[in-house]
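Here are the chains, one letter per residue:
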Amino acid sequence: MAVSRRIATKFIAGAAVLVGTLVMPSLQMANAAEEVDGKLYMVIAGRQPVSHLDPALKYDLSVRMMQQQLYDALVKYEGNPSEIKPWLAESWSTSDDGLTWTFNLAKNAKFHDGSPVNADAIVYSYKRTMEINEGPAWMLDGFVEPDNVTAVDEHTVSFKLNKPYAAFLSFLPWWYIVNPALVETNAKDGDMGKGYLQENAAGSGPYMLERFEQGTAYVVKRNENYWKGFPYDNDRMGGVIYKLIRESAGQRAALIKGEADIVTGLSVEERQAVAKRDDIDITSLPSLTTFGLKMNTTKGVTADLNIRKALAYAYDYDSFIQIMNGEARLQTSPFTDAVKGQVEIADMPRRDIAKAKEYLAKTKHPDGGFEVEYVYVEGFELERQMGLSMIDAFKDINVTVKMVPMTWPNMVALGSKPETSPDLLAIFATPVSTDPDAIAIQYHPESFGKYYGSHFLEDPELIKLIEAGRAETEWEKRAPIYAQIQQKIVDLQPEIFGMMRNRGMAHRTWVKGYQDSPIRMGGEIDFYGVHLDPQ
Amino acid sequence: MGQLILRRLVFMVFMLIGLMAIVFAISNIAPGDPARLAAGPDATNEMVEQIRVERGLDKPLVSRFVVYLTNLATGDFGTSLHTKRAVFDDLARYFPATLELVVLSISFAVLLGVPLGMLGAVFQNKVPDQTIRFIAVSGVALPMFWLGLMLQWYLSLEWDLFPLGGRLGIMTPRPENITGMYTVDALIQGDFRAFREAFWHLVLPSLALSLPALASIIRVNRAEMLETLNKDYILNAQAQGIGPFRVVSAYALKNAILPTLAIIGLRFGWMLGGTVLVESVFDFPGVGLYATKAAVNSDFDPIVAVTLVLGASFMLVNLIIDLAYALLDPRVRSQI
Amino acid sequence: MSLETSSKNNGLMDKRSNRISVLAPVSEVDRFREYRRMWATFRKSYSSMAGLFIVATFLILAAVGPSIVPFPEDALGSIHLERKLQPPDATHWFGTDEVGMDIYSRVVVGARTTLWIGVTITGIAILIGVPLGLLAGFGNIWVRESIMRVTDVFLSIPGLILAIAIVGALGPGILNAMIALSLVWWPGYVRLVQSKVLSIRNETYVEAARSIGASDFRIIFLHILPNCMSPIVVKASMDMGMAILGAASLGFLGLGAQPPYPEWGAMISIGKNYLPDWWWYTLFPGLAIYFTVLGFNLLGDGLRDMLDPKQRS
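Worth saying up front: this structure is predicted, and the values here are computed from it rather than measured.

Enquirer: What is the right way to read the overall build of chain A from this model?
Expert: Of regular secondary structure, chain A possesses 16 helices and 24 strands. A compact globule built from 535 residues would reach a C-alpha radius of gyration of about 24 Å, and chain A, at 26 Å, matches this within 12%. Projected onto its principal axes, the C-alpha coordinates of chain A cover approximately 95 × 70 × 45 Å. A total of 535 residues make up chain A; the buried ones form 60% of that total.

Given below as structure tokens:
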């Protein structure tokens, strides 16, 4: 036995050395935020990749989040409630007929390469977006012709509208200004710089692009010479990393460990759980966002209005509130409460199985017995739980649900054509403006192909109403039109109307200066004023 | 010996062609239209038709297989719908990561498994032996992904010993790409900080991945050691006053090599399969994670490519092990 | 490697069968003694008994699970948002999940799913593998070579990877996952049976049977198959565990069973999002997989020791 004991001693000694070497270096690894050359880089851990950076192409929350930092626009939304603040434009005026808008530019604004942001740059950028005719182009489509955006002098730009447009100014914050010289130098084969701007930036914003590592991380460096300065005084703030962590568990872990400073897209439970920690705070804010389970009105069972009604009456609306742990309210109209002109619709569907069966009886499937496909964002816990709740709720009318998780780009692609658009598509849509037109237009054929247009609803009467609403300038005349529109949309039931949820993010307490604004999408962070201040 | 290697290599080529045939067959049992799949969900009907002609999908099966083989021979593995890059480029980026992971796992399995097995034999039926046997039995039964999750949450999050996942910290400068394996590249360039960090990111996933192999190595070494300890020459050596440690290292270790090698050969396939699981848990950007993402998105070119590459590495490793066997054990040499 | 050893060591058994089937009629007493000896071997091993106990418990749960659990409707996806994510207590022994389903009920009912998965995969693998193995053992060189080379190719690729490729082609889902795993599982049986056939084919008693005019068919069923039974049983027991692990792995990756289907791997796949605050969601399905696989492995080890005395250590 002495033999074995001596062997054992050696083994144990060896194991101790092994464990020792394993633990040693880890003690030096613990760090707070990312630090490069003495500068702090704030890490935002999100789930959605930044598909490109071009201000003239389609936008989503992650694209817009990056663009807001790399570029400036004439005006910017800030605060709660969201207000339009002067930005590249210091002031503006409107002619009496409402057709001519004149903007006076800040004289010290500089692009990242030092060249001035002048009237020509503004004109170039607007024309570029209008000609490419994607992304934000729809916002001014039919109201401003490219040639009617003109430079009056070095620091003055004028827009001549075809007809008065009440919501005009409210769309301008999403029209970012690009550096014409830089774009033209890198344009190839008349692509107007589309290839270059995919993964490069040509802006004047508070941050400059440092690294674009698709699918992994996107790094921006603070522009210390930003022409507008920063609202805080903290020289250690060096930049921001938008890092992709695809699972919420990983996001949470990174936050708790201090490997991430801000995480977005957590479920309510998760936010409430991390908030128990002393070094983590959460934000919560009612948003403008609507949520709807959009139905394809052109194909399959959901082409039948009675089936759509049946599903809408079978859905268990309380589950929305329960899934959100009470941090949500049901929509009482297709418009969210913060939208101007919102009215409560009296016959908004609520769970009523008898009524659902009544509608079902009028269809080709009086006893149910069919399957609907529910497509949602892969890994989005909230939407997955809604699917489970749907399976349970639709059992009562003998309808089964097939849950299909998909990545966001695939889902958008699927919903962009009437032939492929699924029966039910979970869509959060944040309007780009507080004007009611921004939501009404989602039910107009102009929105077909966009993620919120996957219903492909085409109703002549509704179209006429929407067009009348946007052409009118006097609010007294617009208000009744929008009331009518809301009722009409509910009658046509292109979606199961959902909820207004509080949204928010979780952050380390050393993150300072963050301000949410309802106009931003869930998970879209404006980090202009945000800085890190670890003790 | 040279002739033997050559014969095995030729055999391997045939096996690979067989593998391609199987994978090709699988990619054709897919319900739905391969052209539409390849074109992606955003494609119009004309685009789908164009791809059908481009890829020769309108031709009969056999001629398509030939086209497929020629494409593979020229390194054309197709394009990933998910990453929108050539699959070949993706593999060049992800395969070294997986290789790094697997090599470290094997090292863990051997470095921990051999001594633990021997320790068990020395303490036969005592508490250490029972503990070790428990590890050996559990190692095969524990779901690798579950173990990975537990290691991640407790060793990394609660005790803060290891990073949560990935290959390197985000702001750590990447070592210049030579082999694609961060640890190796960092060492070549003398960047010790990057090496340590890359190694650190590898520890937990490799531990989780090594468990089934570790368990088998413990078992076989314990059995081997028990037998050895009862042999006359060991008793003799001890009688002659040779220290126990030397006895073990001189005799028992030598006996342990062959069965350990055999186990590695047997378990290597499991390990390659396991990368899919641990890479998914630790968000480790290797071919396993790549294949899983592709499978979830019905992105077929990458799946096919990963299958082929992993199959080929499995064959290669088994070839190497057989050769090592032949070198070490003259009795086997004649059989290969 | 292990296959070779086990076939080599079966010489002893072969002689016994020889005695049983050809030369002398065996009395009931002899057979009884034989079984008793085997059972004694089995019983002596603590781990074999543990394996038997676990597997028996598992089978009982799979049989009566849905009728003994407190919330059987939860296993089928009935949600109760008002009691979501509750920690284990007297009502919900294993706590509740993110939509208020009782995890204890789902884990127990999951046993039936798991058994179904394991039996189907192993069963299909045996149904494909054994006939092919017999054919390869008895057929002429062309038949043998073509079967064995195809088998080699299938064995040359990690099973889980091939399964993922197949599921990738067929689309995620429990049925497709089972098809995929069955398709990668059969080659082991071909090898096993083929080597067995080759070793038995030239034994004296088979020669004897052939000389008195027995057909191949008769030889297979009377002499070869009974001799293959014990290694097949041992392998099947081990494979049950591995197949369960494989299906759970696919479930975890989101390629197998889809929620709310009560499958352990799929439960962990969702539950991992709730670590560590809601640890019970991942812990209990994980333990269920672990113990089930462990049980089948221990049982397999015990069976090998029992049926194959020379291997006993």
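Enquirer: Even after reading the chapter, I still don't get the interface of chain A and chain C, so can you show me in this structure?
Expert: At the junction of the two partners, chain A supplies 21 residues and chain C supplies 20 residues. Buried area between chain A and chain C, both sides added, is near 1,700 Å², and the carbon and sulfur share of it is 52%. Summed over the shared surface of chain A and chain C, the result is 4 salt bridges. For Lys 272 of chain C, the salt bridge goes to Glu 247 of chain A, with nearest N and O atoms at 3.6 Å. Looking at the side of chain A that touches chain C, the elements with two or more residues in it are helix H7 (248-257), helix H8 (268-274), helix H10 (318-323) and helix H12 (381-394) of chain A. Residues that form the side of chain A that touches chain C fall into these classes: 7 nonpolar, 6 polar and 8 charged.

Enquirer: Please clarify how the sheet that holds strand E14 (residues 285-286) of chain A should be interpreted in this entry.
Expert: Backbone hydrogen bonds are what pair the strands of a sheet, in a parallel or an antiparallel way. All names here are of chain A. Strand order in the open sheet made by the 3 strands is E14-E21-E16, with antiparallel pairing throughout. The sheet is open, and its two borders are formed by E14 and strand E16 (328-330), each paired with just one other strand. As judged from the 3 bridges shared by E16 and strand E21 (residues 499-503), these two strands associate in the antiparallel manner. Bridge pairing links Arg 329 to Met 500 in E21.

Enquirer: Mind showing me how you'd approach the pattern of salt bridges here?
Expert: Once their charged atoms are close, side chains differing in charge can pair, the charge on each being opposite to the other. All names here are of chain A. A full pass over the atoms with the stated rule returns 42 salt bridges over all chains. Of the charged contacts in the structure, one is a salt bridge between Glu 134 and Lys 194, with a shortest N-O distance of 3.9 Å. Pair noted here: Glu 134 is in the loop between helix H3 (119-132) and strand E7 (144-153) and Lys 194 is in helix H6 (residues 194-199), with a separation of 60 residues, a long-range link. Taking the relative accessible area as the measure of exposure, Glu 134 reaches 38% and is therefore partly exposed. In this structure, Asp 396 and Arg 351 form a salt bridge, with 2.3 Å as the shortest nitrogen-oxygen distance. Separated by 45 residues along the polypeptide, Asp 396 in the loop between H12 and strand E18 (399-406) and Arg 351 in the loop between E16 and helix H11 (353-361) bring together distant segments of the chain.

Enquirer: Looking at this structure, how should I read the packing of aromatic side chains?
Expert: Within a pair of aromatic rings, the relevant descriptors are the distance that separates the centres and the angle that separates the planes. What the rule picks out here adds up to 56 aromatic pairs over all chains. Note on Phe 162 of chain B and Trp 200 of chain B: the rings are 5.2 Å apart at their centroids and 25 degrees apart in plane angle, and the pair reads as stacked. Taken together, the positions of Phe 162 of chain B in the loop between helix H7 (144-158) and helix H8 (182-188) and Trp 200 of chain B in helix H9 (residues 192-229) put the pair 38 residues apart, joining distant regions of the chain. By the burial criterion, Phe 162 of chain B is buried, and Trp 200 of chain B matches it. Through successive ring pairs, a cluster of aromatic residues spans Trp 87, Tyr 207, Tyr 226, Trp 227, Phe 230, Tyr 232, Phe 527 and Tyr 528 of chain A. Taking the ring centre of Phe 143 of chain A as reference, the NZ or CZ of Lys 163 of chain A above it sits at 5.0 Å. The ring of Tyr 189 of chain C carries the charged tip of Lys 235 of chain C above its face, separated from the ring centre by 4.9 Å.

Enquirer: Can you help me understand the nonpolar core in this one?
Expert: Burial of nonpolar side chains together is a common tendency in soluble globular proteins. Ranked by internal contacts, the top residues of the largest apolar core, which has 214 residues, are Tyr 68 and Phe 145 of chain B together with Trp 185 and Leu 250 of chain C. With 17 residues, helix H11 (residues 216-252) of chain C is the single largest residue contributor to this core. Apart from residues lying up to four places away in sequence, Tyr 68 of chain B is in contact with Met 20, Val 23, Phe 24, Val 304 and Leu 308 of chain B. By size, the runner-up hydrophobic cluster in this structure holds 162 residues, among which are Val 63, Tyr 77 and Val 372 of chain A together with Val 99 of chain C.

Enquirer: Is there a simple way to think about the interface of chain B and chain C in this case?
Expert: How big an interface is tends to be stated in terms of the accessible area lost upon association of its parts. Every contact between the two is made by 47 residues of chain B and, on the other side, 42 residues of chain C. Across the interface of chain B and chain C, roughly 3,900 Å² is buried in total on both sides, 82% from carbon and sulfur atoms. At the boundary of chain B and chain C, one finds 1 salt bridge. For the salt bridge of Arg 219 of chain B with Asp 301 of chain C, the shortest nitrogen-to-oxygen distance reads 2.8 Å. Inspection of the region where chain B meets chain C yields 3 residue pairs in polar contact (both at pLDDT 80 or more). Counting residues per element, the ones that place at least two in the side of chain B that touches chain C are helix H1 (2-29), helix H6 (127-141), H7, helix H11 (244-281), helix H12 (287-296) and helix H13 (300-328) of chain B. Looking at the side of chain B that touches chain C element by element, the count peaks at 10 residues for H11 of chain B.

Enquirer: I would appreciate a short explanation of unusual backbone geometry in the present structure.
Expert: What you tend to see is this: most non-glycine residues have negative phi, and most peptide bonds are trans. Put simply, Asn 80 of chain A and Pro 81 of chain A share a cis peptide bond, and its omega is -5 degrees. Looking at the secondary structure, you find Pro 81 of chain A in the loop between strand E3 (75-78) and strand E4 (83-86). Residue Leu 275 of chain C is joined to Pro 276 of chain C through a cis peptide bond whose omega torsion reads -15 degrees. The backbone of Asp 160 of chain B sits at a positive phi, close to 60 degrees, despite the residue not being glycine. Counting through the fold element by element, Asp 160 of chain B comes out in the loop between H7 and H8.

Enquirer: Help me understand the sheet that holds strand E5 (residues 89-94) of chain A in this model?
Expert: All names here are of chain A. What the 4 strands build is an open sheet, ordered E5-E6-E8-E7; its pairing is antiparallel. Looking along the sheet, the strands with just one partner apiece sit at the ends: E5 and E7. Within this sheet the neighbouring strands show an average axis-to-axis angle of 20 degrees, counted without direction. Taken together, the 5 bridges between E5 and strand E6 (residues 100-105) define a ladder with antiparallel strand orientation.

Enquirer: Sorry, what's going on with the pairing of E21 of chain A here?
Expert: In summary, the side chains of a regular strand alternate between the two faces of the sheet. Residues and elements named next belong to chain A. Burial analysis of E21 places 4 of its 5 residues in the buried class, the great majority of the element. When E14 meets E21, the two strands line up antiparallel, connected through 2 bridges. Bridge assignment links Leu 285 to a residue of E21, and that residue is Arg 503.

Enquirer: In this structure, what is going on with a nonpolar patch on the surface? I would like to understand it.
Expert: Residues Leu 6, Val 10, Val 13, Phe 14 and Ile 17 of chain B make up a contiguous nonpolar surface patch of roughly 480 Å² in combined accessible area. Position of Phe 14 of chain B relative to the elements: it lies in helix H1.

Enquirer: Even after reading the chapter, I still don't get helix H8 (residues 174-185) of chain C, so can you show me in this structure?
Expert: Two residues of an α-helix separated by three or four positions point the same way, owing to the 3.6 residues in each turn. Residue and element names in this part refer to chain C. For H8, spanning 12 residues, the distance from its first C-alpha to its last is 16 Å, which sits close to the expected 16 Å at 1.5 Å a residue. Of all 12 residues in H8, 9 are buried, a share of seventy percent or more. Taken together, the buried positions of H8 are occupied by Ile 174, Asn 176, Ala 177, Met 178, Ala 180, Leu 181, Ser 182, Val 184 and Trp 185. Looking at the buried residues of H8, the elements they touch are helix H5 (103-138), helix H7 (159-170), helix H9 (187-201) and H11.

Enquirer: What is the right way to read the environment of Tyr 514 of chain A from this model?
Expert: Residue and element names in this part refer to chain A. Within the fold, Tyr 514 resides in the loop between strand E23 (511-512) and strand E24 (531-532). Counting along the chain gives 11 residues from Tyr 514 to Ile 525, while the straight-line C-alpha distance between them is 8.6 Å. Among residues more than four places away in sequence, those in contact with Tyr 514 are Thr 283, Met 505, Ile 525, Asp 526 and Val 530. Polar side-chain contacts of Tyr 514 include one of 3.4 Å to the side chain of Asp 516.

The rules behind these values
- Residue indices follow the written sequence of each chain, beginning from 1 at its first position.
- For naming, the first written chain is A and the first written ligand is 1, with later ones following in the order written.
- pLDDT decides what is reported in this predicted model: residues at 70 or higher carry local features, side-chain atom pairs at 80 or more are listed and counted, and totals for whole chains, interfaces and linings draw on all residues regardless.
- Water and hydrogen atoms play no part in the side-chain values, which are based on all heavy atoms of the structure.
- Only DSSP runs of H or I reaching four residues or more are called helices, and only runs of E reaching two or more are called strands; each is numbered from the N terminus.
- Only the C-alpha atoms count toward the radius of gyration. The rule for a globule is 2.2 Å times the residue count to the power 0.38.
- Buried residues are those whose accessible area, probed at 1.4 Å on protein chains only, stays under 20% of the maximum for their type, while exposed residues exceed 50% and partly exposed ones sit between those limits.
- Working rule for contacts: check all heavy atoms of both residues, and any pair within 4.5 Å makes them a contact.
- Simply put, the buried area is the total loss of 1.4 Å probe accessible area from both parts when two parts are fitted together.
- Counted as salt bridges are all cases of a side-chain nitrogen of Lys or Arg within 4 Å of a carboxyl oxygen of Asp or Glu.
- Under the convention adopted here, Pro, Cys and the residues Ala, Val, Leu, Ile, Met, Phe, Trp and Tyr are nonpolar, Asp, Glu, Lys and Arg are charged, and Gly plus all remaining residues are polar.
- Note on pairing: two strands pair once DSSP finds at least 2 bridges between them.
- The criterion for an aromatic pair is that two Phe, Tyr or Trp rings (for Trp, the six-membered ring) have centres within 6.5 Å, with stacked assigned to planes under 30 degrees apart, edge-to-face to planes over 60 apart and tilted to the rest.
- By definition here, charges over rings are those cases where NZ of Lys or CZ of Arg is within 6 Å of the ring centre and within 35 degrees of the ring normal.
- Only buried residues count toward a nonpolar core. Its members are Ala, Val, Leu, Ile, Met, Phe, Trp, Tyr and Cys residues joined through side-chain atoms within 4.5 Å.
- Distance and chemistry together define a polar contact, namely a pair of N or O atoms within 3.5 Å, with one atom able to donate a hydrogen and the other to accept it when in protein, and with adjacent residues in sequence counting only for side-chain atoms on both sides.
- Interaxial angle, 0 to 180 degrees, is taken between N-to-C directions of lines fitted to C-alpha atoms, where a helix line uses only the stretch in contact.
- Patches draw on residues past 30% relative accessible area with no salt bridge. Two like charges within 9 Å are joined, as are two nonpolar side chains (Val, Leu, Ile, Met, Phe, Trp, Tyr) within 5 Å.
- Areas reported here follow the Shrake-Rupley algorithm with a probe of radius 1.4 Å; residue values treat only the protein chains shown as occluding.
- Expected helix span is given by 1.5 Å per residue-to-residue step, counting one fewer step than there are residues.

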